[in-house]
Amino acid sequence: MTAATLVGLMSIPALAVLYGGIVQRKWAVNTMMMVFSAFCLTLIVWVLWAFKMGFGSPMISTFVGRPETVVGPAGEQAQANIPLLNGLMPKFRFPEGSLVYFQFVFAAITPILFIGSVIGRIKFKVWLIFVPLWITFAYAVNAFLLWGGGFWAQKGALDFSGGYVIHLAAGVSGFVAAAVVGPRLQRDREKAVPNNLLFVAVGAGILWLGWNGFNGGDPYFAGADATAAIVNTNLATACAMMTWIIMDMGFGKERKATFLGGVNGMICGLVGITPAAGYVSGVGAIIIGVVTSAIVWALFGYLPRKVWPFNKVDDALGVVYTHGFAGLCGGLLVGLLADPGMIVYLGIGKSPDVTTAGLFYGHPRQLLVQAGAALTVIVWDGVVTFVILRAIGLFTKLREPDEVLAAGDIRIHGEVAYPMEEPEVEAPFGEIPGEPVPDPHHHQKVLTDERSP
């Protein structure tokens, strides 16, 4: 429950203020609303049916579990159990409610991550409909296939904490959603200036340290593997952040180290080590941090300029790079670097220790399994996201009208993050119906009033 609370903090408030600080000020409230509402909606559908779809008894072969509620006494206080994993790992020594809540915060952060792909144009009510459907038909399937004892788990696929289930899924789904919903206003794409880098720093710091619960909690037990996962997480992240900063200084357009660039590198490290955290040694963590950050840095600079469809789709905050490609890199690298010397669970009696091995340790098949699992997540989540949005689009437009996009929060929510500053309303849309024309001297008057004795 402590680890789960750390993971929950990664969503609220960390991603709310990180994303809320990166976007233009006119989208700060909308961003926070999307984060908090996704957190709420995910918990509701999780306890009513989605948890058992990901971690319950099979319904459709080894593809997805049977939807059931976990709101009764047994769902909260009985011994935790994942049916298809019985006998394959030590029995849980905590109640079902702990497992439900721990896995909920992982589910919740996934759609929250790809808010960054569609921010600045998707309708808020569309988001409220989309999240429960996506958790049901995309996330629950991912979780069952890899964590609930489903097809890829049975094939031996390794995803320690969600490089595939969460980050690859978020990158693919966000990119497809951005393509279906359409781009932001051209002026917003050209003027994508963060409104508060200090908030970005606060969010990034909570995100990084919250990841100690993200990866440290996933062995389900306090022990040596949990410690290794936390140390590896921080080591990979430190290496990745510095790799991005150094590459910005040496090869970037302006040859300058930037904080936003450093945060991108930090996220690449966190995401890249996620599928591998308890399976690799410290050497593996360093390699994953450096390689993932360097690859994503190169892709971030090349694909949006040169390669279709990346040069056509407006993925606002680059989620497909820092989560999609980073999660894919980490998942494939664990197929190379998984170290049999890292004990995941100690054997008891005649049972051997539970360990893993990658290609570099004499198990080349692991890389093929990792590639197959990745391809499944990419195809399934891409198709499901496309179908859900197209279905919603039959009943309502997915994108806000241009005149609403010109104003942002004030038109959508009736609130602004910085009420001392007038909303960003610009030509050619002119005045917005029902809104007063901003006084160009308003800000100066406020300052004068504040300075008066």
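Now for a quick tour of the structure. (Residues numbered from 1 in each chain as written. Predicted model: local features only at pLDDT ≥ 70, side-chain atom pairs only at ≥ 80, totals over all residues. Heavy atoms only, no water.)

1. Considering the overall build of the protein chain
Helices and strands together make up the secondary structure of the protein chain, namely 18 helices and two strands. Rg of the C-alpha trace for the protein chain: 22 Å, near the compact-globule value of 22 Å for 453 residues, within the 12% margin. The dimensions of the protein chain, computed from C-alpha atoms along their principal axes, are 80 × 55 × 50 Å. Expressed as a percentage of its 453 residues, the buried residues of the protein chain come to 55%. Distance from the positive charge centre (28 side chains) to the negative charge centre (29 side chains) of the protein chain: 8 Å. (Helix = DSSP H or I, 4+ residues; strand = E, 2+ residues; numbered from the N terminus. Rg over C-alpha atoms; globule rule 2.2 N^0.38 Å. Buried < 20%, exposed > 50% of the residue type's maximum accessible area, 1.4 Å probe, protein only. Lys, Arg positive; Asp, Glu negative; His and termini not counted. Charge placed at Lys NZ, Arg CZ, Asp CG, Glu CD.)

2. What about the side chain of Asp314?
Here Asp314 lies in the loop between α13 (282-306) and α14 (319-337). Asp314 sits in the buried class, given a relative accessible area of 4%.

3. Regarding the pattern of salt bridges
Enumeration according to the criterion identifies six salt bridges in this entry. For the salt bridge of Glu96 with Lys52, the shortest nitrogen-to-oxygen distance reads 3.3 Å. Note that Glu96 is positioned in helix α4 (residues 96-113) and Lys52 in helix α2 (residues 28-55), a separation of 44 residues in sequence. When sorted by exposure, Glu96 lands in the same class as Lys52, which is buried. Close ionic contact of Arg184 with Asp314 constitutes a salt bridge, the shortest N to O distance being 2.8 Å. A residue pair is termed long-range when its members are at least 10 positions apart, and Arg184 in the loop between α8 (163-181) and α9 (186-190) and Asp314 in the loop between α13 and α14 qualify at 130 residues. For the pair formed by Arg184 and Asp314, the shared burial category is buried. One continuous salt-bridge network, built from bridges that share partners, spans Arg184, Arg189 and Asp314. (Salt bridge = Lys/Arg side-chain N within 4 Å of Asp/Glu carboxyl O.)

4. Remarks on unusual backbone geometry
Omega for the bond connecting Ile12 with Pro13 falls within 30 degrees of zero, at 15°, which places this linkage in the cis form. Structurally, Pro13 can be placed in helix α1 (residues 2-22). With a phi close to 50°, Ser61 is a non-glycine residue in the positive phi region. Locating Ser61 in the fold gives a position in the loop between β1 (58-60) and β2 (64-65). Positive phi is not limited to glycine here, since Tyr220 has a value of about 75°.

5. What to know about empty space enclosed by the protein
Under the definition given, this model contains two cavities of 30 Å³ or more. Empty space within the second largest cavity amounts to approximately 40 Å³. For the second largest cavity, the full set of lining residues is Phe114, Val118, Ile122, Trp127, Phe130, Ala177 and Leu389. Looking at the lining of the second largest cavity residue by residue, the classes come out as seven nonpolar, no polar and no charged. (1 Å grid on protein atoms, 1.4 Å probe; cavity = no way out; pocket = protein on both sides within 12 Å on 5 of 7 lines; lining within 4 Å. Points joined across faces, edges and corners; volume = space filled by probe spheres on them. Nonpolar A, V, L, I, M, F, W, Y, C, P; charged D, E, K, R; others polar.)

6. A word on the nonpolar core
Trp46 and Tyr139 are the most contacted members of the largest nonpolar core, which totals 129 residues. Looking at this core element by element, the count peaks at 13 residues for α8. Contacts of Trp46, omitting those with residues within four sequence positions, involve Phe51, Phe55, Val70, Val100, Gln103, Phe104, Ala107, Ile135 and Tyr139. (Core = buried A, V, L, I, M, F, W, Y, C linked by side-chain atoms within 4.5 Å. Contact = heavy atoms within 4.5 Å.)

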